[in-house]
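Each chain, written out:
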Amino acid sequence: MLAAESRNYAATYELGYLRYLQEDYRACEKIVSGILDWPEVQDVAYQLLGNAYDRMGKHKKAVETYEKGLVRFPDSGKLHYEKGIVAFNGKDYLTALACFEEGIAAEPAYPSNYYGASTLFLVSDQPIWGIFYGEMFMNLERGTDRTAMMSSYLYKSYQDHIKLEFRSGERNMELGFCNVAITDFFAPLPYAAICEVALGGAFPEDARAVDLNAIIRMRIEFLNRMSIDAGTDEKLNEALNSILVGFGTPNALLDYQRRVSEAGHLEAYNHWILMYGDPEQSDAWQSTHQDEWNGFLEWFVKNPICVDKEHYFHRNLFE
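Residues numbered from 1 in each chain as written. Predicted model: local features only at pLDDT ≥ 70, side-chain atom pairs only at ≥ 80, totals over all residues. Heavy atoms only, no water.

Colleague: How would you sum up the overall build of the chain? Please name residues and give values.
Modeller: Secondary structure assignment for the chain yields 16 helices and two strands. Relative to its 319 residues, the chain shows a buried fraction of 47%. Excluding contacts between residues fewer than 6 apart, the proportion of contacts in the chain whose partners are at least 24 apart in sequence is 64%. Carbon together with sulfur atoms contributes 51% to the accessible area of the chain, which is approximately 16,300 Å² in total. (Helix = DSSP H or I, 4+ residues; strand = E, 2+ residues; numbered from the N terminus. Buried < 20%, exposed > 50% of the residue type's maximum accessible area, 1.4 Å probe, protein only. Contact = heavy atoms within 4.5 Å. Areas by Shrake-Rupley, 256 points an atom, 1.4 Å probe, with all protein chains shown as cover.)

Colleague: Can you tell me about the packing of aromatic side chains, naming the residues and giving the values?
Modeller: For the coordinates displayed, the defined rule picks out 27 aromatic pairs. Where Tyr-9 meets Tyr-13, the ring centres are 6.3 Å apart and the plane angle is 25 degrees; that geometry is what we call stacked. You can see Tyr-9 and its partner Tyr-13 sitting in helix 1 (residues 9-21), four residues apart, about one turn around the helix. As far as the burial class goes, Tyr-9 and Tyr-13 line up, both buried. Through pairs of rings, three or more aromatic residues link up here, namely Tyr-114, Phe-121, Trp-129, Phe-132, Tyr-133, Tyr-191, Phe-313 and Phe-318. One cation-aromatic arrangement involves Arg-146 over Tyr-115; the distance from NZ or CZ to the ring centre is 4.8 Å. (Phe/Tyr/Trp six-rings, centres within 6.5 Å; stacked < 30°, edge-to-face > 60°. Lys NZ or Arg CZ within 6 Å of the ring centre and 35° of its normal.)

Colleague: Can you tell me about the pairing of strand 2 (residues 170-175), naming the residues and giving the values?
Modeller: Direction of pairing for strand 1 (residues 162-167) relative to strand 2: antiparallel, over a ladder of six bridges. Bridging from a neighbouring strand, Lys-163 pairs with Glu-174 of strand 2. The turn joining strand 1 and strand 2, which pair antiparallel and follow one another in sequence, is formed by two residues; a positive phi near 55 degrees is taken by Ser-168. (Pairing = 2+ DSSP bridges.)

Colleague: Can you lay out the side chain of Ser-151 for me, pointing to particular residues and giving the numbers?
Modeller: Inspection of the secondary structure puts Ser-151 in helix 9 (residues 145-161). The residues contacting Ser-151, other than those within four sequence positions of it, are Met-138, Trp-272, Ile-273, Leu-274, Met-275, Tyr-276 and Gly-277.

Colleague: Before we move on, could you go through a positive patch on the surface and cite the residues and values that matter?
Modeller: Taken together, the side chains of Arg-26, Lys-58, Lys-61 and Lys-68 present a region of like positive charge at the surface. As for its position among the elements, Arg-26 is in helix 2 (residues 25-33). (Patch = residues over 30% accessible without salt bridge, like charges linked within 9 Å, V, L, I, M, F, W, Y side chains within 5 Å. Salt bridge = Lys/Arg side-chain N within 4 Å of Asp/Glu carboxyl O. Lys, Arg positive; Asp, Glu negative; His and termini not counted. Charge placed at Lys NZ, Arg CZ, Asp CG, Glu CD.)

Colleague: Can you explain unusual backbone geometry? Please cite residues and give values.
Modeller: Positive phi values are uncommon outside glycine, yet Lys-91 reaches one of about 65 degrees. Structurally, the position occupied by Lys-91 is in the loop between helix 5 (77-89) and helix 6 (93-106). Of note in the backbone geometry, Ser-168 takes a positive phi value of approximately 55 degrees without being a glycine. Residue placement: Ser-168 occurs in the loop between strand 1 and strand 2.

Colleague: Pulling in residues and values, what's your account of the layout of surface pockets?
Modeller: For the second largest pocket, the calculated volume is near 170 Å³. Around the second largest pocket, the lining residues are Phe-88, Thr-119, Leu-120, Leu-122, Val-123, Tyr-153, Lys-156, Ser-157, Asp-160 and His-161. At the level of secondary structure, the elements contributing two or more residues to the lining of the second largest pocket comprise helix 7 (112-122) and helix 9. Examining the composition of the lining of the second largest pocket, we find that five residues originate from one element, helix 9, more than from any other. (1 Å grid on protein atoms, 1.4 Å probe; cavity = no way out; pocket = protein on both sides within 12 Å on 5 of 7 lines; lining within 4 Å. Points joined across faces, edges and corners; volume = space filled by probe spheres on them.)

Colleague: Any chance you could break down empty space enclosed by the protein for me, citing the residues and the numbers?
Modeller: Under the definition given, this model contains one cavity of 30 Å³ or more. In this structure, the largest cavity encloses a volume near 100 Å³. What lines the largest cavity is Ile-128, Ile-131, Phe-132, Glu-135, Tyr-158, Leu-199, Arg-219, Phe-222, Leu-253, Leu-254 and Gln-257. For the lining of the largest cavity, the elements supplying multiple residues, two or more each, are helix 8 (127-140), helix 11 (212-225) and helix 13 (252-262). Taken together, the residues that form the lining of the largest cavity break down as eight nonpolar, one polar and two charged. (Nonpolar A, V, L, I, M, F, W, Y, C, P; charged D, E, K, R; others polar.)

Colleague: Residue-level account of the nonpolar core, with values.
Modeller: Side chains of nonpolar character tend, in soluble globular proteins, to be buried together. Among the nonpolar cores identified, the biggest contains 69 residues, and Trp-129, Phe-132, Tyr-191, Phe-222, Tyr-269, Trp-272 and Leu-274 are the most heavily contacted of them. Beyond its immediate chain neighbours, meaning those up to four positions away, Trp-129 contacts Phe-121, Tyr-191, Ala-192, Phe-313, Arg-315, Phe-318 and Glu-319. Counting residues in hydrophobic clusters, the runner-up holds 22 residues, among them Tyr-9, Leu-48, Leu-79 and Val-86. (Core = buried A, V, L, I, M, F, W, Y, C linked by side-chain atoms within 4.5 Å.)

Colleague: Explain the side chain of Asp-43 to me, using residue names and the numbers behind them.
Modeller: Of note, Asp-43 is situated in helix 3 (residues 43-55). For Asp-43, a relative accessible area of 15% corresponds to the buried category. Excluding its chain neighbours within four sequence positions, the residues that come into contact with Asp-43 are Phe-73, Ser-76, Lys-78 and Leu-79.

Colleague: An account of helix 7 is requested, with residue identities and associated values reported.
Modeller: Among the eleven residues in helix 7, ten count as buried, and that is most of the element. Buried within helix 7 are the following residues: Ser-112, Asn-113, Tyr-114, Tyr-115, Gly-116, Ala-117, Ser-118, Leu-120, Phe-121 and Leu-122. Next to the buried residues of helix 7 lie helix 5, helix 6, helix 8 and helix 9.

Colleague: Explain the pattern of salt bridges residue by residue, including any values.
Modeller: For the structure shown, the criterion picks out twelve salt bridges. The salt bridge partner of Asp-75 is Lys-309, with a shortest N-O separation of 2.7 Å. Separated by 234 residues along the polypeptide, Asp-75 in the loop between helix 4 (59-72) and helix 5 and Lys-309 in the segment after helix 16 (290-302) bring together distant segments of the chain. You can call Lys-309 partly exposed: its relative accessible area is 42%.

In structure tokens, the structure reads:
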């Protein structure tokens, strides 16, 4: 390190990051550990040092580093995420999920925690939360390889959890988005169960397969069914909230979908969300709806989803 750069935080951090990329983790540790007490230190320094420890197999030390960083930067989504990754790699999935969801609450605009939480919920018995978190992720991190993967994950989840059977000309449908046992039919209905009921009612009656067209039509009608507005009727609002847990809680994702709908782009938006699940069918739609698609993309760039600690999506808000 050059003597002139010895107290230059940015240059020192970048040197540590270079050593990390060169897989010289011990050198990275030596450099970055020396800047943690500098007043200009940022959360990425704790992230980098923790990641170096993790790469060296010092997983406990890595977690301790992230936790020290969180004492100084309690709103750092990335430090919660890295804690979750260590737990995930150690197959401690419940701890990983807790870290990811803590990260969402701490820094709602940081995308990676939604990605982590979504991938865990999508393979659980409550994939509805994985769908919500996954769509939030896609809106916050657009145009990356992870965005494309999440699109395919969401499409597959819809296909996996909507089962159609045809007997004597009649269609039977079974849903698996929410494994919530209803033991008291007079108790309020959990939000996840509300969503599953709404999805079942929204699935097109004339659909013969769980394909892209059917899923998009379902998602559009689902939004309608989740948009009951009691207005200023306090008694009706109180009644709805007494039987439907979380129904009156603002849902940042559905609020954004309503903005998209009001702008006239809901069908195109849903194609964007699911286009990597069935690229061929999505490309066919785009080729016959070029004006709609281009108009949506132009609007989408100018109107991203906005989340903060006052308005964001988190499972615990609805339970």
